[in-house]
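Analysis of the macromolecular model
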Amino acid sequence: MKKVEAINIKKSFGQLHTLEDISLSLEENRFVSLLGPSGCGKSTLFNIISGLTLPDRGEILIDGEVYNGKTGRVSYMHQKDLLLPWKNILSNVMIPLILKGESKNQAEKKALEYFHLFGLDGFEKNYPNQLSGGMRQRASLLRAYLFSKDIMLLDEPFGGLDAITKRKMQHWLLEVFNNLNSSILFITHDIDEAIFLSDEIYILSKRPAVVKKVFQVNIGRPRDDNTFTNVEFIRIKKEILNLL
Amino acid sequence: MKRLVNIREQVVPISFIAAILIIWESVAALQIVPTYILPAPTKIIISLFTNLPVLKEHILVTLMEALVGFVISIVFALFISIIMDSIPVVRRAIYPLIITSQTVPMITIAPLFAIWFGFGYLPKIIIVALVCFFPITISLLEGLASVEEDLLNLIKSMGASKVQLYKIIKLPSAMPGFFSGLKISGTYSITGATIGEWVGGKKGLGVYMLRVKSSFATDKVFATIIIITLLSLGMLKIISYIERKAMPWVHDKNNMVWEDE
Ligand SMILES: Nc1ncnc2c1ncn2[C@@H]1O[C@H](COP(=O)(O)OP(=O)(O)O)[C@@H](O)[C@H]1O
Ligand SMILES: [Mg+2]
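Residues numbered from 1 in each chain as written. Chains lettered and ligands numbered in written order. Predicted model: local features only at pLDDT ≥ 70, side-chain atom pairs only at ≥ 80, totals over all residues. Heavy atoms only, no water.

**Some details on the overall build of chain B**
Across its full length, chain B carries twelve helices and zero strands. Counting from the amino terminus, helix and strand elements in chain B follow one another as α-α-α-α-α-α-α-α-α-α-α-α. Taken over the C-alpha trace, chain B has a radius of gyration of 23 Å; the compact-globule value for 261 residues is 18 Å, which it surpasses by more than 25%. Overall, chain B is about 75 × 60 × 30 Å in size when its C-alpha atoms are taken along their principal axes. (Helix = DSSP H or I, 4+ residues; strand = E, 2+ residues; numbered from the N terminus. Rg over C-alpha atoms; globule rule 2.2 N^0.38 Å.)

Structure (structure tokens):
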């Protein structure tokens with residue numbers, strides 16, 4: 001079943017033609033990455049899918065319904081953790097539940113259920129600036145997850161982390177993905193990361209952006225460090241490098 | 001450790017002040033300048049304590065005017081800055097007016113308020129409110145406008161209403177600015193009340209100051225200045241204390257940073 005479908009999306013900002021013609025689809029419980037040069041309009045596409053920005057042309061379908069310009073359906077996570085410094089981690093991740101009108105008690109209870117899975121046990125009362133970058137990103141992901149569990153848009157979530165933390169986070173995400181029951185769209189410009197995590201990779205061209213090619217990553221799960229030396233992995237990586 | 005460093009840092013300014021006081025005391029003791037022009041520091045302190053019973057009611061009046069005016073200005077500043085922030089047209093219309101109004105020295109319009117509102121507490125309270133309004137409003141406006149666009153978008157994408165946006169994001173992130181505005185205004189409030197009282201009235205430190213001035217009791221004038229300074233400092237301390245309590249995330253910062261396991 002198709003959770004998200006973008007059909008012939010076009011978007012310009014004045015003279016700046018960012019997205020020329022983008023079509024993509026995200027099947028249920030799949031992990032799909034978008035790989036493209038910086039500034040080609042990947043974040044813009046996420047803004048369009050999440051309803052914050054209207055496309056000039058084209059349609060966004062979510063569960064088969066038109067969702068152009070409608071916010072509040074999918075969850076969205078940025079490279080910056082965007083946690084509120086004045087709220088502790090628990091209060092931060094609860095925000096979407098509170099916005100949906102749930103009581104504080106109920107929201108706390110629901111949020112706490114996931115602290116273990118997200119590796120945040122014991123940090124409920126800490127402020128964001130007391131946590132490491134990786135933990136903050138996990139909290140940010142949990143907040144997104146609590147907003148909408150079935151469809152998540154992750155915009156370079158590990159882009160701001162150092163190499164070692166990033167590697168740990170990739171492994172962690174791969175592992176929890178099996179428990180999340182989510183369909184994920186993932187922006188990155190790290191080729192290894194895209195192949196390691198994804199079922200499918202869309203390669204976007206530079207501005208005005210079109211879909212250059214779609215790769216199916218037929219590498220079984222669970223994946224681990226050996227995945228990086230997998231024949232299929234190397235084949236796809238070579239092809240992508242040739243394209244870019 | 002920190003305390004030790006603090007003390008070491010304070011040695012220089014404290015000795016400097018002590019030196020000035022000693023020179024001042026000697027100048028007065030040697031009668032180089034007449035007492036009614038420059039009374040000795042010890043004389044000022046003695047006068048401060050002996051007049052404390054009289055001063056007390058003046059202090060209370062000034063403090064009351066300052067606090068009432070201050071609170072009124074906070075309410076108005078919150079109200080106006082939220083409206084200005086949420087409706088850009090209003091911001092553009094009012095902003096220049098607010099800035100310009102600040103170039104009018106309060107002391108020059110204080111007599112007007114006496115004509116309009118008499119010699120009671122009201123004109124003083126209005127003056128305090130006017131003096132305090134500007135720093136709070138400007139810092140609030142800056143704080144409200146400085147919220148990260150991505151953060152606003154994120155919370156909007158979660159379906160937050162405009163009211164929720166202010167409650168959850170904008171007002172809390174304007175807090176540091178708000179408090180720096182409060183600290184400036186809080187110290188102004190005492191001076192503002194005193195200026196209001198200079199124009200006329202029955203009680204208050206400004207009234208008392210004029211009275212002792214005209215009888216050349218310079219030591220009492222100095223004593224009043226000390227009290228006004230102490231009150232202003234007190235306001236600053238109290239606001240700083242509330243600020244620390246209200247923004248624990250700023251002050252807990254260096255406690256610990258956890259690493260990934
Ligand atoms: N609201 C906007 N107004 C004008 N230009 C924009 C806006 N948002 C993005 N852009 C421009 O569109 C281009 C694509 O931006 P973005 O989607 O953030 O790229 P990416 O995420 O692929 O790096 C950039 O050149 C950016 O400056
Ligand atoms: Mg981007």
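That covers the picture; the talk isn't over yet.
**So, the domain arrangement of chain B**
Residue and element names in this part refer to chain B. In terms of domains, chain B is made up of domain 1 (1-33) and domain 2 (39-248). Its C-alpha centre places domain 1 at a distance of 31 Å from the equivalent point of domain 2. In this complex, domain 1 contributes four residues to the contact, which on the side of domain 2 involves six residues. Summing the contributions of domain 1 and of domain 2, the shared interface buries around 390 Å²; its carbon and sulfur component is 70%. Summed over the shared surface of domain 1 and domain 2, the number is zero salt bridges. The interface formed by domain 1 and domain 2 contains two residue pairs in polar contact (both at pLDDT 80 or more). A class-by-class count of the residues in the side of domain 1 that touches domain 2 yields three nonpolar, no polar and one charged. (Domains from an automatic or database assignment. Contact = heavy atoms within 4.5 Å. Buried area = accessible area lost by both parts, 1.4 Å probe. Salt bridge = Lys/Arg side-chain N within 4 Å of Asp/Glu carboxyl O. Polar contact = N/O pair within 3.5 Å; in protein donor to acceptor, adjacent residues only side chain to side chain. Nonpolar A, V, L, I, M, F, W, Y, C, P; charged D, E, K, R; others polar.)

**A short note on the pairing of strand β1 (residues 2-13) of chain A**
Residues and elements named next belong to chain A. Of the pairings in the sheet, the one linking β1 to strand β2 (residues 16-27) comprises eight bridges and is antiparallel in character. What sits directly across from E5, in β2, is S25. Connecting β1 to the next strand, β2, in antiparallel fashion are two residues, including G14 with a positive phi near 60°. (Pairing = 2+ DSSP bridges.)

**Some points on the environment of A:L34**
All names here are of chain A. Note that L34 resides in strand β3 (residues 31-35). Among the residues examined, L34 registers a relative accessible area of 0% and is labelled buried. In sequence terms L34 and S182 are 148 residues apart; their C-alpha atoms lie 17 Å from each other. Excluding its chain neighbours within four sequence positions, the residues that come into contact with L34 are L24, K42, L45, F46, F186, I187, T188 and Y202. (Buried < 20%, exposed > 50% of the residue type's maximum accessible area, 1.4 Å probe, protein only.)

**A short note on the domain arrangement of chain A**
Residues and elements named next belong to chain A. The assigned domain composition of chain A is domain 1 (2-74 + 149-243) and domain 2 (81-147). Computed over C-alpha atoms, the centres of domain 1 and domain 2 are 24 Å apart. Contacts between the two partners involve 16 residues from domain 1 and, on the opposite side, twelve residues from domain 2. Broken down residue by residue, the surface that domain 1 buries against domain 2 is led by K149, W172 and L180, which jointly contribute 44%. Taken together, the connections running from domain 1 to domain 2 amount to zero salt bridges. Where domain 1 packs against domain 2, one counts four residue pairs in polar contact (both at pLDDT 80 or more). Every element with two or more residues in the side of domain 1 that touches domain 2 is listed here: β7 (151-155) and α5 (163-180). A per-class count over the side of domain 1 that touches domain 2 returns ten nonpolar, four polar and two charged.

**Some points on unusual backbone geometry**
Generally, phi is negative for residues other than glycine and the peptide bonds are trans, each holding for most cases. Residues and elements named next belong to chain A. In the segment running from R207 into P208, the intervening peptide bond is cis, with an omega of -15°. Within the secondary structure, P208 sits in the loop between β9 (200-204) and β10 (209-216). Put simply, R221 and P222 share a cis peptide bond, and its omega is 0°. Here P222 is to be found in the loop between β10 and α7 (231-243). Look at N181: it is not a glycine, yet its phi comes out positive at around 60°. Tracing the backbone shows N181 in the loop between α5 and β8 (183-188). The exposed category is assigned to N181, whose relative accessible area is 55%.

**Observations regarding the site of ligand 1**
Residues and elements named next belong to chain A. Taken together, the residues surrounding ligand 1 are F13, L16, T18, S38, G39, C40, G41, K42, S43, T44 and R207. In the model, an oxygen atom of ligand 1 is placed 3.0 Å from a nitrogen or oxygen of the G41 main chain. Its free accessible area being 560 Å², ligand 1 has 57% of it covered by the protein chains. Those elements that provide at least two residues to the shell around ligand 1 are β2 and α1 (42-50). Looking at the shell around ligand 1, its residues break down into three nonpolar, six polar and two charged. (Near = heavy atom within 4 Å. Areas by Shrake-Rupley, 256 points an atom, 1.4 Å probe, with all protein chains shown as cover.)

**Quick look at a nonpolar patch on the surface**
All names here are of chain B. The grouping of M64, V68, I72, F76 and Y121 at the surface amounts to a nonpolar patch, some 420 Å² of accessible area in total. Here I72 is to be found in helix α3 (residues 52-86). Judged by relative accessible area, which is 33%, I72 ranks as partly exposed. (Patch = residues over 30% accessible without salt bridge, like charges linked within 9 Å, V, L, I, M, F, W, Y side chains within 5 Å.)

**Here we look at the sheet that holds strand β6 (residues 75-77) of chain A**
Backbone hydrogen bonds hold the strands of a sheet together, and the pairing may be parallel or antiparallel. Here we have ten strands laid out as an open sheet, ordered β5-β4-β1-β2-β10-β9-β3-β8-β7-β6 (chain A), and mixed in their pairing. Pairing within the sheet leaves two strands with one partner each, and these edge strands are β5 (65-66) and β6 of chain A.

**With respect to the packing of aromatic side chains**
Residue and element names in this part refer to chain A. Taken as a whole, this structure holds 16 aromatic pairs over all chains when the rule is applied. The interplanar angle of 80° and the centroid separation of 5.3 Å between the aromatic rings of F31 and F177 together place this pair among those described as edge-to-face. One end of the pair, F31, is in strand β3; the other, F177, is in helix α5, with 146 residues separating them in the sequence. Ring geometry for F228 against F233: centres 5.3 Å apart, planes inclined by 65°, an arrangement best described as edge-to-face. An aromatic cluster is present here, built from F31, F158, F177 and F186 joined pairwise through their rings. Here R138 stacks its cationic end above the ring of W172, 5.7 Å away from the centre of that ring. (Phe/Tyr/Trp six-rings, centres within 6.5 Å; stacked < 30°, edge-to-face > 60°. Lys NZ or Arg CZ within 6 Å of the ring centre and 35° of its normal.)

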